[in-house]
Amino acid sequence: PSSDCVMAEQLCLSDSTCNATYRTLENCALAKTRLLSLDHDSRVRCLNAELDLGNSSLLHCKCHRRMKRQEQCLRIFWTVHSSMTDGYFNLETSPYENPANEERWKTDYNKLAALVSGKNCSQLAGDATNPCLRATHVCNLSKKCFRLRTDYASICTKGAGSEDVCDRRKCHRGLRNFFEKVPEDFTKRILFCPCKDEFCGERRRKTIVPDCSFQYDTKPNCLWLLDSCLEDHICKSRLADFQQNCQPVDMSPDGCSLHNHAACLQAYMGMIGTPMTPNYVSNSSVEVSLWCTCENSGNQKEKCDQILGMFESNKCL
C-alpha cells in the first residue's frame with residue numbers, strides 16, 4: 001500500500017534486508033549528487049538495489065504537498081528512484097500523490113468570502129471590473145492569506161529601487177510558503193484571475209513580484225536553469241509533477257494527456273518559488289514562460305527548446 005516516504009523509510013530500516021538495500025541506494029544517490037560517474041558494475045548494483053526493494057512500501061511511497069517534513073520525504077523518494085534521473089530530463093513519475101480534482105477547484109467568490117468574513121460581500125462589489133483586485137480583497141479577509149501574502153511581498157520587494165539586489169532564495173521560500181499553506185481557493189484566484197484590460201493584467205503579472213522572484217539582469221540559458229532545478233529536491237519534485245500533470249499530447253482533444261487541467265494548474269503553482277519559477281510574459285495575455293533563453297545552446301538547442309516549450313507552448317496550460 002502507498003504510504004508517505006518518511007513512514008516507509010522507518011519500516012524499511014527496521015528490516016535488516018531492506019535496510020542493507022536502502023543503504024546501497026543512499027550511496028548511489030550520493031554519488032549522483034556529487035556528479036561522480038559510476039562504472040558499469042556500480043550502475044548495475046544501483047539498479048538491482050532498486051529492483052530488490054520489490055514489494056517494499058518504499059518503492060510505492062509518495063509525499064504530500066503540504067506535509068511538515070516534505071524535504072525529508074522528497075529526499076527519500078529520490079534516493080529510491082535515483083535511476084529515474086539518468087540522462088536528460090527523464091522525470092517520469094511525480095513524488096506527490098493524487099492530483100487535484102477538477103470539481104474541487106470550482107468555488108464561488110461570494111460564498112467563499114462570506115464564509116471567511118462572516119458577513120455579506122457588498123464591500124467587494126466595487127472590484128467587479130478588476131477580478132485580480134477582487135481576488136486580493138478576498139485574500140485579505142483571511143488572516144492566514146493576508147499574513148503570508150504580506151510576508152512574501154515584503155521579502156521580495158526588499159532592495160527594489162536601490163543598488164541592493166533582493167534575496168531571491170528568501171523570496172522563493174516566501175512564495176512557496178504562501179502557495180503551500182494558504183488554501184487553494186485563495187491562491188488560485190489570485191494567480192489565475194481573468195483579466196479584460198492591461199491594468200488588471202499588470203496586477204496579475206506582478207502577483208509573484210517578478211523583479212525578484214522571476215527576472216535576472218540578463219536571461220540565463222534554460223539548460224542552466226534546469227541544472228539548478230535538478231540539484232534541488234523540491235524543484236526537481238515540482239518539475240516531475242509538472243511534467244506528469246501538464247504533459248501535452250497533440251492527438252488529444254484538449255491537448256492534454258491527463259485531461260485534468262486542475263491538476264496541471266496545481267502543478268504550475270508548485271513551480272513558483274523554485275529556480276524554475278514561471279510567470280506571465282505580458283499584461284495583455286495569459287501566455288507564460290520561464291525567464292531564460294536558448295541562444296548559444298550549441299548542440300543542445302533542441303533540449304533547451306523542449307524546456308522552454310513546456311511552458312511557452314503547452315496546450316495543457
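Residues numbered from 1 in each chain as written. Predicted model: local features only at pLDDT ≥ 70, side-chain atom pairs only at ≥ 80, totals over all residues. Heavy atoms only, no water.

A. Quick peek at the overall build of the chain. Within the chain, the secondary structure is distributed over 15 helices and 2 strands. Expressed as a percentage of the 317 residues in the chain, the buried residues total 47%. Long-range contacts, defined here as pairs at least 24 residues apart, represent 71% of the contacts in the chain between residues at least 6 apart. Surface exposure of the chain reaches about 16,700 Å², of which carbon and sulfur atoms provide 50%. (Helix = DSSP H or I, 4+ residues; strand = E, 2+ residues; numbered from the N terminus. Buried < 20%, exposed > 50% of the residue type's maximum accessible area, 1.4 Å probe, protein only. Contact = heavy atoms within 4.5 Å. Areas by Shrake-Rupley, 256 points an atom, 1.4 Å probe, with all protein chains shown as cover.)

B. Quick peek at the packing of aromatic side chains. Under the defined criterion, the tally for this structure stands at 7 aromatic pairs. Both rings, one in Phe 192 and one in Tyr 268, keep their centres 6.0 Å apart while their planes meet at 50°; by these two values the pair is tilted. On the criterion of sequence distance, the pair formed by Phe 192 in the loop between α9 (184–191) and α10 (198–205) and Tyr 268 in helix α14 (residues 261–271) is long-range, its members being 76 residues apart. You can call Phe 192 partly exposed: its relative accessible area is 23%. Measuring from ring centre to ring centre gives 5.6 Å for Phe 214 and Trp 291, while their planes differ by 65°; the resulting arrangement is edge-to-face. With Phe 214 in the loop between α11 (210–213) and α12 (222–230) and Trp 291 in the loop between β2 (288–290) and α15 (301–312), this pair connects stretches of sequence that are 77 residues apart. Across the pair, Trp 291 and Phe 214 agree in class, each one buried. A network of ring pairs unites the aromatic residues Tyr 152, Phe 178 and Phe 179 as a single cluster. (Phe/Tyr/Trp six-rings, centres within 6.5 Å; stacked < 30°, edge-to-face > 60°.)

C. How the structure looks around the pattern of salt bridges. What the rule picks out here adds up to 8 salt bridges. For the salt bridge of Asp 305 with Lys 301, the shortest nitrogen-to-oxygen distance reads 2.9 Å. In this pair, Asp 305 and Lys 301 both sit in helix α15, 4 residues apart, roughly one turn of the helix. Through salt bridges with shared partners, a single network forms among Glu 202, Arg 205 and Lys 206. (Salt bridge = Lys/Arg side-chain N within 4 Å of Asp/Glu carboxyl O.)

D. Focus on the nonpolar core. Counting 49 residues, the largest nonpolar core has Phe 178, Phe 242, Met 276, Leu 290 and Phe 311 as the members making the most contacts within it. Two domains share this core, each providing at least three of its residues, namely domain 2 (109–214) and domain 3 (222–313). Once residues within four sequence positions are removed from consideration, Leu 290 is found in contact with Phe 214, Leu 225, Met 276, Thr 277, Pro 278, Ile 307, Leu 308 and Phe 311. (Core = buried A, V, L, I, M, F, W, Y, C linked by side-chain atoms within 4.5 Å. Domains from an automatic or database assignment.)

E. Fine view of the state of the cysteines. Using the criterion set out here, one finds 14 disulfides in the structure. Two residues share a disulfide in this structure: Cys 294 and Cys 304, whose sulfurs sit 2.2 Å from each other. With the S-S bond torsion at -95°, the cross-link from Cys 294 to Cys 304 turns out left-handed. Taken together, the residues span a long stretch of sequence, with Cys 294 in the loop between β2 and α15 and Cys 304 in helix α15 at a distance of 10 residues. Accessibility assignment for this pair places Cys 294 and Cys 304 in one class, buried. (Disulfide = S-S within 2.5 Å.)

F. α10, seen in detail. Along α10, the residues that are buried comprise Cys 200, Gly 201, Arg 204 and Arg 205. One side of α10 holds all its buried residues, which, seen down the axis, span an arc of 135°. Among the residues of α10, the N-terminal cap falls to Asp 197, whose side-chain oxygen and the backbone nitrogen of Phe 199 are separated by 3.0 Å. (Arc of directions from axis to C-beta. Polar contact = N/O pair within 3.5 Å; in protein donor to acceptor, adjacent residues only side chain to side chain.)

G. Here's a closer look at the environment of Ala 49. By secondary structure assignment, the location of Ala 49 is in helix α3 (residues 40–52). Accessibility expressed as a relative area gives 5% for Ala 49, which makes it buried. A C-alpha to C-alpha distance of 9.5 Å links Ala 49 and Cys 18, two positions 31 residues apart in sequence.

H. Main features of a positive patch on the surface. A contiguous patch of positive charge, built from Arg 66, Lys 144, Arg 147 and Lys 181, is present on the exposed surface. Its location among the elements puts Lys 144 in helix α7 (residues 143–157). Exposure remark for Lys 144: the relative accessible area of 39% places this residue in the partly exposed category. (Patch = residues over 30% accessible without salt bridge, like charges linked within 9 Å, V, L, I, M, F, W, Y side chains within 5 Å. Lys, Arg positive; Asp, Glu negative; His and termini not counted. Charge placed at Lys NZ, Arg CZ, Asp CG, Glu CD.)

I. Examining empty space enclosed by the protein more closely. Enumeration according to the criterion identifies 1 cavity of 30 Å³ or more in this entry. What the largest cavity holds in volume is close to 40 Å³. Around the largest cavity, the lining residues are His 172, Ser 213, Phe 214, Tyr 216, Leu 225, Pro 275, Met 276, Thr 277 and Trp 291. Residue composition of the lining of the largest cavity, grouped by class: 6 nonpolar, 3 polar and no charged. Formed jointly, the lining of the largest cavity draws a minimum of three residues from each of two domains, domain 2 (109–214) and domain 3 (222–313). (1 Å grid on protein atoms, 1.4 Å probe; cavity = no way out; pocket = protein on both sides within 12 Å on 5 of 7 lines; lining within 4 Å. Points joined across faces, edges and corners; volume = space filled by probe spheres on them. Nonpolar A, V, L, I, M, F, W, Y, C, P; charged D, E, K, R; others polar.)

J. A look at unusual backbone geometry. The phi dihedral of Val 209 is positive, around 50°, even though this residue is not glycine. If you trace the backbone, Val 209 turns up in the loop between α10 and α11. With relative accessibility at 14%, the residue Val 209 sits in the buried group. Even without a glycine there, the phi angle at Asn 296 is positive, about 60°. Note that Asn 296 resides in the loop between β2 and α15. You can call Asn 296 exposed: its relative accessible area is 79%.

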